[in-house]
Amino acid sequence: MKKILIVFVFLSEFMISFASGTDHIDWATFLQRHDPIWELLPQEFDKGAFIGNGLIGTTVYQEDCNTLRLAMGRFDVTDHRYDNGRILMGGFLLRTKGTIRQGSLRTSLWNAEILGDIHTDKGTISFTAYVHANRPVLIVDIKTEGSEVAAFTWDGAQAIVRWDTAHFTNLPYNPPPNKGKEDGIEYSEQIRNAGGTYTVAWQHQNLSMSNSSFMATVADSYPSNDSKAVALETIRSVNKILSETRIEEHRQWWHTFYPASFLSVPDGQIEGFYWIQMYKYGSAIREDGIVLDLQGPWNRKTNWPRVWWNLNIQVAYYPVFTANHAELSKSFTNFIDTKRANFVRNAKDIWGVDNCATTPHTTCYEGLRGNGDKAPDRYINPGDFTWALHLYWMQYRYTMNERLITDSTAHAFFSLLKQSVNLYRHLLKKGEDGKLHLPVLHSPEYNKEGDSDNNYNLSILRWACHTLLYLNERYALNDPLALEWEWILNNLVAYPTDENGFKIGATVSFEKSHRHWSHLLMVWPFGLLTPDQPENREIVERSLLHWLTVENGKQIYGWSNAAASLLYSTMKDGNNAYKQLKAHHNNKRFVMPNTMYIEGSPVIECSLFAARALQEMLLQSSDGISVFPSMPDCWKDASFSDLRAEGAFTVSAIRKGGQTRKIEITSLAGEPCIVHLGSNENLQCTLPASKVKRLNDRTVQLLLEKGETAVLYKRSSDRDLKVGPCNIAKSEMNYWGVKGGK
């Protein structure tokens, strides 16, 4: 093994200027090369152009030869009865005077706007549409040419949750909406039988012979009935703001959002997909908003009109942390904090036990089980909720905000993690072998019967106990259950394995192809079993290969490939990580031209998750910082800035010609900074030697104080390198969307 030479150079009085951040990047030009472009108008919702602001969402597509549909959605418009699922809304119809001959759409990522051109046999309609970043309003600015005229009408859907009325109860139906017009503003007010209302309001104003402006909003109120008044006032108040001011407000939010971090790789398809996911996050989540479900703010018929806990909510949020957008995960942690009593109630309702917390595999937006009418809870499983709490742990690890742990009044994480383990304590039984065993439980979603000692729940329980013990010691919480958690870890049965690797459980082998890696959670995301250890690597490789190839991988879906990419990255196998990520993006069955993911119904998380797969190729931090740990042979260049690592570090790095040339690390919390250097040789460091501790040939500890920065670099000229876009093939620019002939 080659030894790495680290030369520590102390630079007095910080004479060298370090190029950190992304201020020098031409963001407009960079993102423009990834704008999704539809050279042919999309013909269905699933492939349409989308805009949103974390509450209201709009999807644009062609409905017929004279109509574009602007499908409307709002996160919190739910039925407030049965399972309290989301209600179908409908959309606006932009009707043309002539017959549409051709048209195009372009989503400007930088400005979060849809630019459209519609050519008919009567003329042209050009428009710019955006959902205002800070205001609950859709704005469409329109210009017409020739004798063409743009006319908007509201086409509301029946106010039901599930359209399959043969299997799901909607009775008694919500009444028809009340429609009217006040002060030139049209509205459709829907009264719900369960209480409250929601109202769509809109106004189309002619500004000149060829220019007009359309504005629409959706307001919801429960249990009060004042949504109509709120919607009308929203239109009035936004109308008072100059159009230039409105769009500047909107763009300023987005122009602040993107530069939180930067990354670039020499593959236009992958790089473009990543940045569209960042756009999707900005469109779908606000830190003070509603927890992310399977649709985001957009809305159409779906089999999944609520929150799903047996993978979906977890993978939806994982990318935000490394992307340096931990603020977005507050929509999840706030949900956990404010609904904590409901998770305790679920445990009592489902399991009949006190001082425990859980969810079924699906809940409403209050975190409650419901009556199973719209979303039957076939797969009751204590692990789902505990796994979801791993997101809260990630929020803590990436911010090191100790109040998330110590302020139990404001933050529910520690108490709920304890209560979720309490539920396991009721289920554990000591076997004849002296080990603690779990009863038959479900393993998503391998079979309906489940299995005892399944690896899904064993992994989750182990992680939870380790985490509770760590926090109890670090913050001197002196919890009386600490000895119980240690006892569980010392006596819990080992992970069941066979000749193919990790089994589903004690009696069920992994014998049929399935999309979920639920039996491998101990590898990722929990990192309980790391492939870096030689005794573990072989069984991880064997398990992963078997999962992907059994029955020729017939049930390996696109998002399964994203999970496989992550698992390969934990083994530092960049070529296979790249192969699996490409397989995700190339899966035309599920991954739509707009990067949305459809398995019969929208599952937004299955595309978002792929962003984490790319991040893990560039930066890993679960047991120290590893830069470019899983790079494929074909990527000689790459760079990133201000990606965030566990322990609250921002990390920037540049790779050129297959070598890491520069790493810059800033500590935001003063935590121990462990850096795994891989094959980087002859690195120099800006810290004095007294602040660097060599742990082994490839690992050092940087003694960084809060707010302090260290730079590692290969040669003196590398100190001034700046991150920037990689070169990509022209054919890979604007890869997403629909091109002519496709």
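To keep things clear, this report deals only with the structure shown in the data block. (Residues numbered from 1 in each chain as written. Predicted model: local features only at pLDDT ≥ 70, side-chain atom pairs only at ≥ 80, totals over all residues. Heavy atoms only, no water.)

1. Quick look at the sheet that holds strand β33 (residues 699–702)
Here's step 1: In spatial order, the strands read β25-β26-β30-β33-β32; together these five strands make up an open sheet with mixed pairing. Edge positions in the sheet fall to β25 (619–620) and β32 (692–696), since each of these pairs with one other strand and no more.
Here's step 2: Across two bridges, strand β26 (residues 625–627) lies against strand β30 (residues 673–676) in parallel orientation. Residue pairing in the sheet places Ser626 in a bridge with His676 of β30. (Pairing = 2+ DSSP bridges. Helix = DSSP H or I, 4+ residues; strand = E, 2+ residues; numbered from the N terminus.)

2. A look at the side chain of Arg192
Here's step 1: Mapped onto the elements, Arg192 comes out in the loop between β13 (185–191) and β14 (197–206).
Here's step 2: By relative accessible area, Arg192 is classed as buried at 3%.
Here's step 3: Within the local environment of Arg192, its side chain forms a polar contact with the backbone oxygen of Thr78, the two atoms lying 3.0 Å apart.
Here's step 4: A distance of 2.8 Å separates a polar atom in the side chain of Arg192 from a polar atom in the side chain of Asp220.
Here's step 5: Excluding its chain neighbours within four sequence positions, the residues that come into contact with Arg192 are Val77, Thr78, Asp79, His80, Ile87, Asn174, Thr197, Tyr198, Asp220, Ser221 and Tyr222. (Buried < 20%, exposed > 50% of the residue type's maximum accessible area, 1.4 Å probe, protein only. Polar contact = N/O pair within 3.5 Å; in protein donor to acceptor, adjacent residues only side chain to side chain. Contact = heavy atoms within 4.5 Å.)

3. Regarding the environment of Leu520
Here's step 1: Along the chain, Leu520 falls in the loop between β22 (501–502) and α13 (534–549).
Here's step 2: Overall, Leu520 belongs to the buried group, its relative accessible area being 3%.
Here's step 3: As for Leu520 and Asn455, which are separated by 65 residues in sequence, their C-alpha atoms are 7.3 Å apart.
Here's step 4: For Leu520, the residues in contact, after removing those within four places along its chain, are Phe502, Ser543, Leu544 and Leu567.

4. Notes on unusual backbone geometry
Here's step 1: Each neighbour pair has its own omega, and for Tyr222 with Pro223 the value is 5°, a cis peptide bond.
Here's step 2: Structurally, Pro223 can be placed in the loop between β15 (211–221) and α2 (227–239).
Here's step 3: In this model, Trp524 is joined to Pro525 through a cis peptide bond whose omega is 15°.
Here's step 4: Residue Asp183 is not a glycine yet carries a positive backbone phi of 50°.
Here's step 5: Among the structural elements, Asp183 can be located in the loop between β12 (178–182) and β13.
Here's step 6: The backbone phi angle of Ala648 is positive, close to 65°, even though this residue is not glycine.

5. Re helix α8 (residues 382–399)
Owing to its 3.6 residues per turn, the α-helix aligns residues three or four sequence positions apart on the same side.
Here's step 1: Its 18 residues place the ends of α8 27 Å apart at the C-alpha level, agreeing with the 26 Å of an ideal helix rising 1.5 Å per residue.
Here's step 2: Counting buried positions along α8 gives 17 out of 18 residues, so the element sits mostly inside the fold.
Here's step 3: For α8, the capping residue at the N-terminal end is Asn381, with a side-chain oxygen 3.0 Å from the backbone nitrogen of Gly383.
Here's step 4: Once α8 ends, the next one or two residues include Met400, with phi positive near 55°. (Expected span 1.5 Å × (residues − 1).)

6. Topic: the sheet that holds strand β8 (residues 113–120)
Here's step 1: Across the sheet, which stays open at both edges, the 10 strands sit in the order β12-β13-β14-β15-β10-β9-β8-β7-β2-β35 with mixed pairing between neighbours. Two strands in the sheet have a free side with no partner beyond their single neighbour: β12 and β35 (737–738).
Here's step 2: Judged from the two bridges that link them, strand β2 (residues 37–38) and strand β7 (residues 100–108) form a sheet pairing that is antiparallel. What sits directly across from Ile37, in β7, is Arg106.
Here's step 3: Against the sheet, α2 touches β10 (138–146), β12, β13, β14 and β15, its axis set at about 145° to β15.
Here's step 4: Strands β8, β9 (123–131), β10 and β15 of the sheet are contacted by helix α3 (residues 243–257), whose axis makes an angle of about 55° with β9. (Axes fitted to C-alpha atoms, helices over the stretch in contact; angles between N-to-C directions.)

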